[in-house]
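Overview (structure and organization)
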Amino acid sequence: MYVGNGNSFRDMLMKAPGDCPNCGAHLTFGDAAKLAKSHDIQDNVVMCSQCNHVFEVNLVPGQMKLTQDVTAKYPQISPRKSGGLFGKLFGR
């Protein structure tokens, strides 16, 4: 059970962290959801700011888990390719 005001609960959801299963980038729900909306995606999904992949999401206060990659459903999104030699050497 959660006890508190609505604003702190909303903040816990919006700031919920998660990692992109495609590139490993650290994301927060609020920023990733805004990025998806800025690309005219109206579904309940989030978008990775590093690789542009779009994911369905399971969200609980304080934690976000990106589940299924649904990038193919959105033709307006062009996924970024992972970063060359630097990415291979340093995992980014």
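Right, let's walk through the structure included here. In this text the structure is predicted, and so the values were computed from the model without any measurement. Each chain has its residues counted from 1, running along the sequence as written. Note on the predicted model: pLDDT of at least 70 is required for a residue's local features to be given, and 80 or more for side-chain atom pairs to be given and counted; whole-chain, interface and lining totals, by contrast, use all residues. Hydrogens and water are ignored here; the side-chain numbers use all heavy atoms of the structure.

What follows concerns the sheet that holds strand 3 (residues 45-47). What holds strands together in a sheet is hydrogen bonding between their backbones, with the strands either parallel or antiparallel. When DSSP finds at least two bridges between two strands, those strands are taken to pair. Only DSSP runs of H or I reaching four residues or more are called helices, and only runs of E reaching two or more are called strands; each is numbered from the N terminus. The strand order 3-4-5 describes an open sheet built from three strands, whose pairing is antiparallel. Unpaired on one side and paired on the other, strand 3 and strand 5 (63-69) mark the two borders of the sheet. On average, adjacent strands in this sheet sit at an angle of 45 degrees to one another, irrespective of strand direction. Judged from the five bridges that link them, strand 4 (residues 54-60) and strand 5 form a sheet pairing that is antiparallel. Bridge assignment links Asn58 to a residue of strand 5, and that residue is Lys65. Of the strands in this sheet, strand 3, strand 4 and strand 5 are in contact with helix 2 (residues 29-38), which crosses strand 3 at around 90 degrees. Simply put, an axis is a line fit to the C-alpha atoms, just over the touching stretch for a helix, and the angle between two N-to-C directions goes from 0 to 180 degrees. Two residues qualify as a contact provided that any one of their heavy atoms is within 4.5 Å of a heavy atom in the partner residue.

Attention shifts here to the environment of Cys20. Counting through the fold element by element, Cys20 comes out in the loop between strand 1 (17-19) and strand 2 (26-28). We classify Cys20 as buried; its relative accessible area is 4%. Considered as a pair, Cys20 and Met47 are 27 residues apart in the sequence and their alpha carbons are 9.0 Å apart. Relative accessibility decides the category of a residue: with a 1.4 Å probe and only protein chains considered, values under 20% of the type maximum give buried, values over 50% give exposed, and everything between is partly exposed.

What follows is about helix 2. Taken as a whole, helix 2 has its buried residues at Phe29, Gly30, Ala32, Ala33 and Ala36. Positioned one or two residues after helix 2, Asp40 has a phi angle of 60 degrees, which is positive.

Unlike most non-glycine residues, Asp40 shows phi in positive territory, near 60 degrees. Not every positive phi belongs to a glycine, and Asn52 is a case in point at roughly 65 degrees.

Buried Ala, Val, Leu, Ile, Met, Phe, Trp, Tyr and Cys residues form a nonpolar core when they are joined through side-chain atoms within 4.5 Å. With 14 residues, the main nonpolar core has Cys20, Leu27, Phe29, Val46, Cys48, Met64 and Leu66 as its most contacted residues. Listed by contribution, the elements that provide at least two residues to this core are helix 2, strand 4 and strand 5. Here this core takes three residues from helix 2, the largest share from any one element. Beyond its immediate sequence surroundings of up to four residues, Leu27 is in contact with Ala16, Pro17, Gly18, Cys20, Cys48, Ser49, Met64 and Leu66.

This paragraph deals with the pattern of salt bridges. Working definition: two side chains of opposite charge can pair if their charged atoms are close together. Throughout this description, the term salt bridge denotes a Lys or Arg side-chain nitrogen within 4 Å of a carboxyl oxygen of Asp or Glu. This model, assessed by the stated rule, comprises one salt bridge. Between Arg10 and Asp11 there is a salt bridge, with its nearest N and O atoms 3.1 Å apart. For Arg10, a relative accessible area of 47% translates into the label partly exposed. Relative accessible area serves as the criterion here: at 29%, Asp11 is assigned to the partly exposed category.

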